[in-house]
Each structure stands twice: as C-alpha cells, then as structure tokens.
Amino acid sequence: MKILDRYILVTFLKTFVSVFIILMFIFVLQTIWLYISELAGKDLDVWIILKFLWYVSPRLIPLVLPLTILVTSLMVFGSFAEKYEFAAMKSTGISLQRAMGSVIGFIVVLSITAFFFANNVIPYSEYKWQNLRRNISQFQPSMVISEGQFSQIGDMFNIKVEKKSGDRDQYLKDVVIHKKNETRPNGNFTVIVANNGELASQEGSNTLSLILKEGNYYEEIQAKTPAKQKAEPFAKSYFDEYSINIDLTELNAKDIDKENDLNNQNMYNISELGVEIDSLSNTYSRDIAAYTKNMYYRSGVEKFQENKISDTARPPDISTILEIYNPTQQVQIVKLALNNAKGTLQTVDAKKVEFKEKAKRLNKTEIALHEKYALGIACIILFFVGAPLGAIIRKGGMGLPMVVAILLFLTYHFIGIFAKNSAEDGTMHPFIATWLSTGIMLPLSVWLTYRATTDQGIFDFDSFLQRIGRLFGLKRKKK
C-alpha cells in the first residue's frame, strides 16, 4: 500500500506543480497588463519590475491555488479512471477513498499552509506592493498629470490638461494651472490658462520647467486692509511664452523602498483585523448615536417637553398654534420651518453618504477576516469536487478536465464576487457573502463523492427513462 500511496501522491504533486506554474504565469501576465500604465515609460530597472511582480504574486494565491487544486484533481483522477487503474485498485479491494488517502493528507497540510500564508505573507506583501506602487508613480512627473482632471504637483500647483502627446507625454494642450499663494496657501489666487505647454527638465535635475505658450495670466491681489480688499483688486496679462519652474526634490528622490503611511484591510492579519473591526464598529455606533441625539435636539422637541402646557391653559377655540399669530408672522414661521426642514434634509443626505462609506469599510474589513479562513476550506472542498468528478468522467489530460474545471471555478469565483459586492453595499451579511460560494460547493462535493464511490455517473439516463416508462405504464394500467 505504501508503494500505491507514493505513486498516487507523486503523480498528483508533479501535475500540481506544473499546473500551478502555468496558472501563476498566466495571472502574472494579466497583472502586468492591468498595471502596464504604472510601469511603462518610466525607465525602471529590471530589478524594480521583478520586485513589483514578486510583491504582487502573493495576492494572486487565493485565485491560483483553488483553481490549481481543482484542475489537478480532475486531470490526475480522470487519467487514473481512463487508464482503468481505479478498476484495478477496486478489484483488489481498494476503495476510492483509500486511494485518495495520501492526496487528502497533502491537501489538508496545504490548506493549513494556505491559511498561515494568507494570514502572514499576503498582508506583508500587500503593504510592500502598495508602497512600491506609490514610489514608482513618482519616477516621471508627466505620469502624475492626468488628462481631463486637476493633478497636484508639489505643494503650490494644480495642473489640468486636456491632452498629452509626445514620446514622454511632454507636450500638453489646453493647460489650466491654479497656483497657491505662499502667504495664504488655502486659496487659489493665481490662474494661468495656456493653449499649449511643454514639460522640460534635465536628467537628474530637481527642477521641472513648464513652458507655456499663448496664454493668459490672472492674479487676485491680496490687499492688506479690508477697505482696499472690498475693491477686489486683480492683475491680468497675456503672454506668448511663459516659464514656470517647479521644485521636484521629493519626486526625484526615487526611493523605491520608502515606507509610506498606507492602510487598508488587506494589510492586516487576523488579530489586527479583529481590533480594526471592533474599532470601526464602536466608532460607527457612536457616530450614529451622536447624530441621532443631535437631530433630536435640533428638532426642538426637548424644549416642548420641558415646558409642557396643561390642558386647562389651552385656548378652546384654537386648532393650530399658528392661529395665535397674525398672518405676517404665520408666513415667517412657515418659511422658517421650511428652511429648517430643507437644511435638515441636506444634512441627512450628507450624513447618509458618510455613514454608507463607514459601513462599507467595516463590511470590507469583516470580509477580509473571513476570507483568510475560507481559503483553506475552499482548497479541501474543491479537491472533493475535482477528484470524484475526474473519476466519474474518466478523462485525463488538458482537454475536457480543463474545460470542466474552468467552468466550475468561474461559477465558484463569480458567485463569490457578486456576494462580496452585495455585502459591501450592506444588502448581505459579510459572513454569508464570504462563505456562500464555498457553501454551494460543499453539497456538490458530497454528492460527487457519493456518486464516484458507488460507481454511478453524474446522471443515469437509463434509470431516468425506466422511471418515466414505469410511470406511463402505471397510468395505462389505471386507464
């Protein structure tokens, strides 16, 4: 039996390593395609690109590992069934569960390893990867300027361009610049508009020269006295060419290993996620209670409760409180009430968006916590889906098993994505959303294992037709 266990385990491991490398390569290529804009055109060293891929690879494991187990199980056990090796085992009294024993042990160990990997390695790599992305984005200033929106360069300039061109995106069209005042940095008192512009800087220089052509310059002059400020003094001019020098000392530092202050739920392990969930939950509850109390006091109900009017003091002929005022005062009171109601509704709408974002962050943190447990369990369940299914369809290789595995995994993956999106919006509990796809695969794995153990197919057409025939035969007899 040890020889048989070793043979099955070695065959599974060889296929597992091959499939894992192939799938990992495919997902890494997809990642390069997704983030090509952050890597291309910045004169990055090969070592930096390899470091980028090294840090991004662990976050792909929750996708690659379950798919690898499913594909490998289908291929290996389908090949055993296709070559009648399972039939030879069963003829000697070895059941399917006994034949899968060594592989089951490996899958259990792999699942435990995946749990610790998701709890320790993935958060660290996520933190390093996000830092690396932040530092890479500072390598070329033209990459910081986005088309169609304002982009901040340095502390004093906000630049918007409609279109960039050139081999380094150095030529700009329809440039709008808001320049802050050094004495009053909270306002944009200088506006520069130009038809064309060009980014020019020497290699290694800490100064970026922005050459503007055919534009207008407007500056709001800050007067020292309030009387002069009421006149709203300003200065404006037209220029054919105007140069602006921007200090890029921080951007040109190019410290690829700089530790930035980054924070999200994917960078935490289980203990940190527990603390973060408690903190977010308590903060959310306190904010809700404080806002409810504030709105209650703003309504003025508390004042009416403190100054209650007895029934005997009420005038008998007055149906509403407005009747004790004259018509002019009644209009003023109604207008004041409407304005208060409108202000309250605006406040409610603003707070609604704020509380929605806080709830979304809390839900995403809870999802991240459950995902660390779900990864290991999913590996075991998908193995018990793939191995019996391979023994039933009796087909090995990269053809039919790969198609079946991809269809099953896509179903599993998209159910998980839709459920998690619903949980982020608050329409589904994070616990249910995280475990939904795994819970759906659990009864399928039990059913497939039972069918494979009892030597039954996925669907017995003969038995189905016989039952239909007996049903119609019974009806004829009754007639």
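Treat the numbers as computed from the prediction; the structure is a model and nothing was measured.

The rules we used
- Residues numbered from 1 in each chain as written.
- Predicted model: local features only at pLDDT ≥ 70, side-chain atom pairs only at ≥ 80, totals over all residues.
- Heavy atoms only, no water.
- Patch = residues over 30% accessible without salt bridge, like charges linked within 9 Å, V, L, I, M, F, W, Y side chains within 5 Å.
- Areas by Shrake-Rupley, 256 points an atom, 1.4 Å probe, with all protein chains shown as cover.
- Salt bridge = Lys/Arg side-chain N within 4 Å of Asp/Glu carboxyl O.
- Helix = DSSP H or I, 4+ residues; strand = E, 2+ residues; numbered from the N terminus.
- Buried < 20%, exposed > 50% of the residue type's maximum accessible area, 1.4 Å probe, protein only.
- Polar contact = N/O pair within 3.5 Å; in protein donor to acceptor, adjacent residues only side chain to side chain.
- Contact = heavy atoms within 4.5 Å.
- Axes fitted to C-alpha atoms, helices over the stretch in contact; angles between N-to-C directions.
- Parallel < 35°, antiparallel > 145°, perpendicular 65-115°, else oblique.
- Left-handed = near helix turned anticlockwise from the far one by under 90°.
- Nonpolar A, V, L, I, M, F, W, Y, C, P; charged D, E, K, R; others polar.
- Phe/Tyr/Trp six-rings, centres within 6.5 Å; stacked < 30°, edge-to-face > 60°.
- Core = buried A, V, L, I, M, F, W, Y, C linked by side-chain atoms within 4.5 Å.
- Expected span 1.5 Å × (residues − 1).
- Bend = angle between axes of the 7 residues up to and from the residue.
- UniProt positions renumbered as here; feature names shortened; annotations may be inferred.

Some words on a nonpolar patch on the surface
- A cluster of nonpolar side chains, contributed by I22, F25, I26 and L29, occupies part of the molecular surface with about 390 Å² of accessible area.
- Relative to the helices and strands, I22 is located in helix 1 (residues 2-34).
- Overall, I22 belongs to the partly exposed group, its relative accessible area being 46%.

Some remarks on the side chain of T365
- Residue placement: T365 occurs in helix 12 (residues 327-393).
- Judged by its relative accessible area of 2%, T365 is buried.
- Only 2.8 Å separates the side chain of T365 from the backbone oxygen of R361, close enough to count as a polar contact.
- Ignoring sequence-local partners within four residues, the contact set of T365 consists of Q265, L273, E276, I277 and L280.

A closer look at the packing of helix 4 (residues 61-82) against helix 12
- Their axes nearest at 7 Å, the elements helix 4 and helix 12 cross at an angle of 25 degrees. Viewed along their axes, helix 4 and helix 12 adopt a mutual orientation that is roughly parallel. Helix-helix and strand crossings are classified by hand; for helix 4 and helix 12 the assignment is right-handed. Residue-level contacts link P62, L65, P66, I69, L70, S73, L74, F77, G78 and A81 of helix 4 to L375, C379, L382, F383, V385, G386, A387, L389, G390, A391 and I393 of helix 12.
- Partitioning the contact of helix 4 with helix 12 into residue classes produces 17 nonpolar, four polar and no charged.

Regarding the packing of aromatic side chains
- A complete count under the given rule lists 18 aromatic pairs for this structure.
- Here the aromatic rings of F239 and Y242 are separated by 5.4 Å at their centres, their planes lie at 40 degrees, and the arrangement is tilted.
- For F239, a relative accessible area of 8% corresponds to the buried category.
- Classification of Y242 as partly exposed rests on a relative accessible area of 28%.
- Aromatic ring contacts, followed pair by pair, group Y7, F12, F16, F20, F77, F80, F106, F383 and F384 into a single cluster.

A word on the pattern of salt bridges
- Applying the stated criterion across every chain yields a total of six salt bridges.
- Where E162 meets K160, a salt bridge forms, and the shortest distance between an N and an O atom there is 4.0 Å.
- When its relative accessible area of 43% is taken as the criterion, E162 is described as partly exposed.
- Owing to a relative accessible area of 24%, K160 belongs among the partly exposed residues under this scheme.
- Measuring nitrogen to oxygen at the nearest pair gives 3.3 Å for the salt bridge that ties R361 to E276.

Regarding the packing of helix 12 against helix 14 (residues 430-453)
- Across the interface, helix 12 lies against helix 14 with an axial gap of 8 Å and an inter-helix angle of 15 degrees. It follows from the interaxial angle that helix 12 and helix 14 lie roughly parallel. For the pair helix 12 and helix 14, the sense of crossing is left-handed.
- Classifying every residue of the contact of helix 12 with helix 14 gives 20 nonpolar, six polar and three charged.

Some thoughts on the nonpolar core
- Residues F12, L65, I69, F77, F86 and F383 are the most contacted members of the largest nonpolar core, which totals 63 residues.
- Looking at which element gives the most residues to this core, the answer is helix 4, with 13 residues.
- Not counting the four nearest positions on each side in its chain, L65 is found in contact with F16, L110, A114 and C379.
- Residues I159, L172, F239 and I244 belong to the second largest nonpolar core, which totals 18 residues.

Considering helix 12
- Here helix 12 contains 67 residues, and its C-alpha end-to-end distance of 87 Å is more than 12% below the 99 Å for a straight helix at 1.5 Å per residue.
- At A374, helix 12 shows its maximal bend, which comes to roughly 30 degrees.
- Just beyond helix 12, the residue with positive phi is R394, at close to 55 degrees.

Thoughts on the UniProt feature "transmembrane region" (unreviewed entry) in the protein chain
- Under the feature "transmembrane region" (unreviewed entry), the UniProt entry names residues 12-36, 56-78, 99-118, 373-393, 400-419 and 431-450.
- Secondary structure content for residues 56-78 is 83% helix and 0% strand, while the C-alpha to C-alpha distance between its ends is 33 Å.
- Taken end to end, residues 431-450 has its terminal C-alpha atoms 29 Å apart, with 100% of it in helix and 0% in strand.

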